[in-house]
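# Observations on the model geometry
One letter stands for each residue in the lines below.
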Amino acid sequence: MSYNHNQVDYNENQPSAPPPRTVSLMDVSPQPPDKPLPPMPPGHNKEKSKFFTYFLKKPGRNKIEISSPQDFSHQMHVGFDQESGEFVNLPKEWEVLLSTSAISKEETKKNPEAVLDVLNFVMNEQPHSGVQPPTKYMQHDHDDEEEDKDESSSSQSAAPAPPPRPAYTKTASTRPTSAALIQAKVPGNMPQGQGGRNIPKKKKKAKLSDEEVLSLLRTIVSVGDPKTKYTKFEKIGQGASGTVYTGVEVSTGQEVAIKMMNLSQQPKKDLIINEILVMKENRHPNIVNYLDSYLVGTDELWVVMEYLGGGPLTDVVTETCMTEGQIAAVSREVLQALAFLHKSQVIHRDIKSDNILLGMTGGVKLTDFGFCAQITPDQSKRTTMVGTPYWMAPEVVTRKQYGPKVDVWSLGIMAIEMIEGEPPYLNENPLRALYLIATNGTPEIYNPERLSSVFRDFLAKCLEMDVEKRGSASEMLQHPFLRKAAPLSSLVPLIHAAKEAAKH
Ligand code: G5X
């Protein structure tokens, strides 16, 4: 059985009719309410109030809902008073979050819709389907132990500016569910006739039992004991989903990286399976290629992949200065990987320097597909918010439909990392960073005059707000900036410099 040709993710794709989550800011007049609007505060001036009809999912509710999209009972009407700069009828939790977000009154007045978008993002989407935001409000999800640790203090005061490269530049560990597995679990697609109720596909979260996970995995993994096939295990990393080791294949002497995961500690086992299924089929010189996988005992999964010894691009961008030629070389290699993936309908969704690995001779490879999504021609757009906030395209942050070009935006942000050492807004309060992505659109660069005009044009085309006008990965491969690319061997001194800096 092949799972990855028909992946449709019910958790992510819109129901066929667009959901009524609509914030029409342009629509300034009070909406004809479906039910009476709450009373306005004393002295409230209707003329100055903007009304939003906001589709509210109550935080924490994660059950199958039996309401059709036409059922407006979960909508709320949030007003906005331009005069006072305050929201009317904003739920208490949202209010608290906003008050500690460092988003100013002026900013709220400028774009109240964006404020609601990011609040909605943080309060509703994140706990079960997207990025775990780096705020203290989001402690429901314990996938990533490290995340919760540094959040013990400062719950009242406005969050202080985070240190450089804070923990929340890490990818969230909650990920969307693989439709392939849902289909595997529920043959014939969605359950029909569950009490005759019309269950929106979007809400259906099929959870595989441990036995189902294991039997699925047995159809994917190789037979045998990897402890006899590989030796010299050395730990190189610890992530949310597992621990990464280097090892040596006994029969060939080839050095490999092995991600070892304890399945019983994985809340989202189906996503790990998705990662393997997708990467097994998609091999490319600019991708850290999947080599093999094994079940070890009853609850350990090993994923064997190519090893790259040069470390992540993050070490290079934070410790060294790159020339335009070097930046062009890295950009080209990443675009080659993206053009290939997008042609196979795979969106990586978490492009950032941390997920670019360098080989000791200057090779550049994209890694960590734990977030990737495979789209189908019918379902070519996603709405789930995943990724790491600072690298997220505006259409993701504002919950619009998005496609493969989100990876091109993130590459543009990564190009800024290569210029400036970090992505825009890294030192901002995270919620404010989301607001700034949603409102500012294309970020500004410090002293753009120091960049060549061809590089500035490249950045502008990656960081184009209008998705239609933004370059696709294959279009960006034709950009004249890439002709400036230096040989990949020019990256080797940067790798050594970064490794040297890491020692001190
Ligand atoms: N190769 C690799 C991954 C790639 C496609 C399925 C995740 C880490 C860490 C990690 C270090 C390294 C380091 C050096 C290699 C990781 C992945 C992945 C896949 C096939 C698996 C995490 N957290 N590596 N070389 N990987 O420290 O998605």
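Here we summarise the structure given alongside this text. (Residues numbered from 1 in each chain as written. Predicted model: local features only at pLDDT ≥ 70, side-chain atom pairs only at ≥ 80, totals over all residues. Heavy atoms only, no water.)

### Some points on unusual backbone geometry
Even without glycine at this site, Asn89 takes up a positive phi of about 70°. Relative to the helices and strands, Asn89 resides in the loop between strand E3 (86-88) and helix H1 (92-99). Residue Asn89 is classed as partly exposed on the basis of its relative accessible area of 36%. One non-glycine residue with positive phi stands out, namely Arg349, at about 75°. Position of Arg349 relative to the elements: it lies in the loop between strand E10 (346-347) and strand E11 (356-358). When its relative accessible area of 5% is taken as the criterion, Arg349 is described as buried. (Helix = DSSP H or I, 4+ residues; strand = E, 2+ residues; numbered from the N terminus. Buried < 20%, exposed > 50% of the residue type's maximum accessible area, 1.4 Å probe, protein only.)

### Observations regarding the site of the ligand
In the vicinity of the ligand, 17 residues are found, and the nearest of them are Gly237, Glu275, Glu306, Leu308 and Phe369. One nitrogen or oxygen atom from the main chain of Phe369 is found 2.8 Å from an oxygen atom belonging to the ligand. When isolated, the ligand has an accessible area of 600 Å², and the protein chains bury 88% of it. Classifying every residue of the shell around the ligand by side-chain character gives eleven nonpolar, two polar and four charged. (Near = heavy atom within 4 Å. Polar contact = N/O pair within 3.5 Å; in protein donor to acceptor, adjacent residues only side chain to side chain. Areas by Shrake-Rupley, 256 points an atom, 1.4 Å probe, with all protein chains shown as cover. Nonpolar A, V, L, I, M, F, W, Y, C, P; charged D, E, K, R; others polar.)

### Topic: the environment of Glu113
In this fold, Glu113 is placed in helix H3 (residues 112-129). Placed 322 residues apart in sequence, Glu113 and Tyr435 show a C-alpha to C-alpha distance of 9.7 Å.

### Here we look at helix H14 (residues 453-462)
Along H14, the residues that are buried comprise Phe455, Phe458, Leu459 and Cys462. Looking down the long axis of H14, one finds its buried residues gathered within 95° of arc, a one-sided arrangement. Considering only its buried residues, H14 is in contact with helix H10 (324-343), helix H12 (405-420) and helix H15 (473-476). (Arc of directions from axis to C-beta. Contact = heavy atoms within 4.5 Å.)

### Observations concerning the pairing of strand E6 (residues 255-262)
Within E6, six of the eight residues are buried, leaving the element largely enclosed by the surrounding structure. The sheet contact formed by strand E5 (residues 243-249) and E6 spans six bridges and is antiparallel. Bridge pairing in E6 places Gly247 opposite Val256. In textbook terms, the turn of a hairpin is the stretch between consecutive antiparallel strands, and for E5 and E6 this stretch comprises five residues, one of which, Gly253, has a positive phi near 80°. (Pairing = 2+ DSSP bridges.)

### Some remarks on the environment of Lys227
Secondary-structure assignment places Lys227 in helix H7 (residues 226-229). Separated by 23 residues in sequence, Lys227 and Val250 place their C-alpha atoms 9.8 Å apart. Ignoring anything within four residues of it in the chain, the contact list for Lys227 reads Val296 and Trp302.

### Here's the deal with the sheet that holds E6
Taken in spatial order, the five strands of this open sheet run E4-E5-E6-E8-E7, and their pairing is antiparallel. Looking at which strands have only one partner, the edges of the open sheet turn out to be strand E4 (230-238) and strand E7 (290-296). Along the sheet, successive strands turn relative to each other by an average axial angle of 25°, direction set aside. Taken strand by strand, helix H8 (residues 269-281) contacts E6, E7 and strand E8 (300-306), and its axis lies near 145° from that of E7. (Axes fitted to C-alpha atoms, helices over the stretch in contact; angles between N-to-C directions.)

### Looking at the nonpolar core
Grouped together as the largest cluster of nonpolar side chains are 104 residues, with contacts concentrated most on Leu217, Leu301, Leu313, Met322, Val330, Met414 and Phe458. Aside from chain neighbours lying at most four places away, what touches Val330 is Leu313, Met322, Val364, Met414, Met418 and Leu491. Counting eight residues, the second largest nonpolar core, distinct from the first, contains Val256, Tyr294, Val296 and Val304. (Core = buried A, V, L, I, M, F, W, Y, C linked by side-chain atoms within 4.5 Å.)

### Overview of the pairing of E4
Of the strand pairs in this sheet, E4 and E5 are connected by six bridges, and their pairing is antiparallel. Residue pairing across strands places Gly237 opposite Val244, the latter belonging to E5. In this structure, the hairpin formed by E4 and E5 is closed by a connection of four residues.

### Let's talk about the sheet that holds strand E9 (residues 311-312)
On the basis of which strands lie adjacent, the open sheet formed by three strands has the order E9-E11-E12 and antiparallel pairing. Taken across any chain shown, the strands that pair with only one partner, and hence form the sheet edges, are E9 and strand E12 (364-366). Sheet topology note: the E11/E12 ladder contains three bridges and is antiparallel. Residue Ile356 lies in a different strand from E12, and its bridge partner there is Leu366. Along the sheet, H10 contacts E11 and E12; its crossing angle with E12, the most-contacted strand, is approximately 35°.

What is shown is where atoms sit, not what they do.
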